[in-house]
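In case you want the letters, here they are:
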Amino acid sequence: MANDEVTGGSLKQQLAKLFEESLRITVPEELDVDPAIAPCQNPKFGDYQCNNAMGLWSKVKGKSTQFKGPQPIGQAIMKNLPASEMVDSCSIAGPGFVNVVLSRQWIAKSIQKMLVDGIETWAPKLPVKRAVVDFSSPNIAKEMHVGHLRSTIIGDTLARMLEYSNVEVLRRNHVGDWGTQFGMLIEYLFEKFPSGEVASDQAIGNLETFYKASKQRFDSDPAFKERAQRAVVSLQAGEEKYRKAWAHICEISRRGYEKVYQRLGVHLEEKGESFYNPYIPGALELLSKKGLIEESEGARVIFIEGKNIPLIVVKKDGGYNYASTDLAALWYRLNEEKAEWIIYVTDVGQREHFEMFFTAAKRAGWLPAEDNKYPKASHVGFGLVLGEDGKRFRTRSTETVKLVDLLDEAKSKCKAALIERGKAKDWTEEELEKTAEAVGYGAVKYADLKNNRTTNYTFSFDQMLNDKGNTAVYLLYAHARICSIIRKSGKDIEELKKTGTLDLVIPMNVVEEACTNLLPNVLCEYLYNLSEDFTRFYTNCQVVGSAEETSRLLLCEATAVVMRKCFHLLGITPVYKI
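Residues numbered from 1 in each chain as written. Predicted model: local features only at pLDDT ≥ 70, side-chain atom pairs only at ≥ 80, totals over all residues. Heavy atoms only, no water.

(A) Spotlight on the overall build of the chain. Secondary structure summary: the chain contains 23 helices and 14 strands in total. With respect to the principal axes defined by its C-alpha atoms, the chain has extents near 85 × 75 × 40 Å. Expressed as a percentage of the 578 residues in the chain, the buried residues total 52%. Partitioning the contacts of the chain with sequence separation of at least 6, the portion at a separation of at least 24 is 72%. (Helix = DSSP H or I, 4+ residues; strand = E, 2+ residues; numbered from the N terminus. Buried < 20%, exposed > 50% of the residue type's maximum accessible area, 1.4 Å probe, protein only. Contact = heavy atoms within 4.5 Å.)

Next up, the structure:
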């Protein structure tokens, strides 16, 4: 193992493999113990820590054992650790914590290997091969608003992190394209266009305005309401005229969403509520056979222990709802798509719905009872976007802000700032546009992702477009500065990677933690700290023209490569000059 040792997986996973060998020797009778490896809280004690001793002591005390407490177990774990070029030294702290100092020589070598072989070699290995990430999911005929922004940005980053970890990700857009609201939309469409032919999208005009007008008619005109209810029946029965009108409304909405996805660089495959509708009866039949579904006040429900209200799966009028669609979708994802991890990205307000729906799936045997086993389902909840007044983010007219307008404003503010800095003289119009897009859209994404997703955050252009502090603008400028140093050296960096040697750098280990805990802010924190560390290095150490020029240029390149991978995982386009 000493030469080209454990090369696969993240640094933490490589250390875990070493400690796994030690644990097998130390406590051969305890076969179900996994290495508990974590970064040291205080860097002066070491880089990593193995925290198994306390847990093992609670397992072995009282049995016939050679150990007299957790510290001797820690000593034995340290003594039995295989020789490895990764590890410089180990020490024991407190009740048996094994502190590990990594070899600086090994870190430098592993960075150099990454520069030659590519950063993909640092990808963590996760215990799943295929995952579904269900995110964005707007409603047909309604504008996307800032709530959808959070779901879209967080979902895309989780999908990117899983993809980097070699998981096949099915990116699902579970759009609201089915239900009773389509009766009123279709009936209103027929009223406006009696021939049934709609000349163009413009003829309908703004789809949200169209939706509101049809809702007003539905609420105020009983005859219209009755026709709308009949239209739902005709649509669900598959009558061609109604299906065609429904498809037309969906297509107009889709084109609107695409403008947002195109700006954000987000790719999704649409499988909306209508897709799962045919699977609902079969899924409910399976749950009925297991005795999970009961009659209650005219509805069909699943009672969940510890909850005051049941999960309604068939309404009093015989119609289906979110729960019935979600159960059918889960069945499909597990059995047809063979997903091992299904991740739902919605606001925290839906937490209880998901708790109840996951509990029902566990009772049915569709998911294992234990949360740490696969296949598993996870709800990724996020907080509200607030305005600077501390209230839900809206425009002055109390309407929610359109996403396209918000993104375009971020871009135009960035472009104005670049022009103010005199870049219009030096750059082509295309360079100005592309940089304004990268920085503007990147700033909006990063301002969201750097917060723990479960909290509310305040949307402020002034803060997110600031070039100082923990912002995308600062990070993108830091990356551009590194690229500028490398350019000024006049050296062929690809050649240096093969021939030069590197003294030290920064391991990238956070993707596994961010993925496992579904927390993109962990990655943002790492990226910001890396930029801060590089700024200190650059301020104190001359690069070009110094005696250590080759090593320091490689350090610049390694930092830039890692930053670019972080940007990619966060869905941010890097800039190379500023």
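(B) Summary view of the state of the cysteines. For the structure shown, the criterion picks out zero disulfides. As a non-bridged cysteine, Cys414 has Cys524 as the owner of its nearest cysteine sulfur, 17 Å distant. No disulfide involves Cys515; its sulfur sits 13 Å from the nearest other cysteine sulfur, which is in Cys566. (Disulfide = S-S within 2.5 Å.)

(C) Region of interest: the sheet that holds strand 4 (residues 97-102). The strand order across the open sheet formed by four strands is 1-2-4-3, and the pairing between neighbours is antiparallel. This sheet does not close on itself; its edge strands, each paired only once, are strand 1 (37-39) and strand 3 (87-93). With strand direction ignored, the average angle separating the axes of adjacent strands in the sheet is 30°. Where strand 3 lies against strand 4, six bridges are found, and the strand directions are antiparallel. (Pairing = 2+ DSSP bridges. Axes fitted to C-alpha atoms, helices over the stretch in contact; angles between N-to-C directions.)

(D) Structural detail: unusual backbone geometry. For the peptide bond that leads from Tyr374 to Pro375, omega is 0°, which places it in the cis range. Notably, Glu297 is not glycine yet its phi reads approximately 50°, a positive angle. The topology assignment puts Glu297 in the loop between strand 8 (294-296) and strand 9 (299-302).

(E) Region of interest: the pairing of strand 6 (residues 168-173). Burial runs high along strand 6: five of the six residues are buried. Pairing between strand 5 (residues 130-134) and strand 6: five bridges, direction parallel. When the sheet's bridge partners are listed, Val133 is paired in strand 6 with Arg171. In this region the chain leaves strand 5, passes through helix 5 (residues 146-164) and returns to the parallel neighbour strand 6; the handedness of that crossover is right-handed. Here strand 6 pairs with strand 7 (residues 269-270) via two bridges, running parallel. Directly across from Arg172, in strand 7, lies its bridge partner Glu269. (Right-handed = clockwise from strand over helix to strand, strands pointing away.)

(F) Fine view of the sheet that holds strand 5. Strand order in this open sheet of five strands is 7-6-5-11-12, and the pairing throughout is parallel. Each of the sheet's edge strands pairs with one partner strand only, and the pair in question is strand 7 and strand 12 (376-382). Taken strand by strand, helix 13 (residues 322-335) contacts strand 5, strand 6 and strand 11 (341-347), and its axis lies near 150° from that of strand 11.

(G) Quick peek at the environment of Leu162. Within the secondary structure, Leu162 sits in helix 5. With 31 residues separating them along the chain, Leu162 and Ala131 place their C-alpha atoms 8.1 Å apart.

(H) Here's a closer look at the packing of helix 19 (residues 472-489) against helix 22 (residues 521-540). Two elements in contact, helix 19 and helix 22, have axes whose closest approach is 10 Å; the angle formed by their N-to-C orientations is 45°. One element, helix 19, and the other, helix 22, form an angle in the oblique class. Two packed elements cross with a definite hand, and for helix 19 against helix 22 that hand is left-handed. Across the interface between the two elements, Tyr474, Leu475, Ala478, Arg481, Ile482 and Ile485 from helix 19 touch Leu527, Tyr528, Ser531, Glu532, Phe534, Thr535 and Tyr538 from helix 22. (Parallel < 35°, antiparallel > 145°, perpendicular 65-115°, else oblique. Left-handed = near helix turned anticlockwise from the far one by under 90°.)

(I) Representation of helix 1 (residues 11-26). In a regular helix each residue adds 1.5 Å, so 16 residues correspond to 22 Å; helix 1 covers 23 Å between its end C-alpha atoms and thus fits that length. Inspection of helix 1 places Leu11, Gln13, Gln14, Leu15, Ala16, Leu18, Phe19, Ser22, Leu23 and Thr26 among the buried residues, and these make up the whole buried set. (Expected span 1.5 Å × (residues − 1).)

(J) Quick look at the pattern of salt bridges. One pass over the full model with this rule turns up 45 salt bridges. For Glu191, the salt bridge goes to Arg227, with nearest N and O atoms at 2.9 Å. A residue pair is termed long-range when its members are at least 10 positions apart, and Glu191 in helix 6 (residues 181-192) and Arg227 in helix 9 (residues 222-236) qualify at 36 residues. Residue classification places Glu191 among the partly exposed residues on the basis of a relative accessible area of 34%. Within this structure, Glu187, Glu191, Arg217, Asp221 and Arg227 form a network of salt bridges that share partners. (Salt bridge = Lys/Arg side-chain N within 4 Å of Asp/Glu carboxyl O.)

(K) Main features of the confidence of the model for the chain. When pLDDT is averaged along the chain, the result is 89; 94% of the residues meet or exceed 70. Across residues 1-7 the pLDDT falls below 50, and counting only partners more than four positions away or on other chains, this stretch makes 15 contacts in the model. (pLDDT = per-residue confidence, 0-100.)

(L) Geometry of the packing of helix 1 against helix 3 (residues 70-79). Across the interface, helix 1 lies against helix 3 with an axial gap of 8 Å and an inter-helix angle of 120°. For the element pair helix 1 / helix 3, the angle class is oblique. The crossing of helix 1 and helix 3 is right-handed. In this structure, helix 1 contributes Phe19, Ser22, Leu23 and Thr26 to the contact, and helix 3 contributes Ile73, Ala76 and Ile77. A per-class count over the contact of helix 1 with helix 3 returns five nonpolar, two polar and no charged. (Nonpolar A, V, L, I, M, F, W, Y, C, P; charged D, E, K, R; others polar.)

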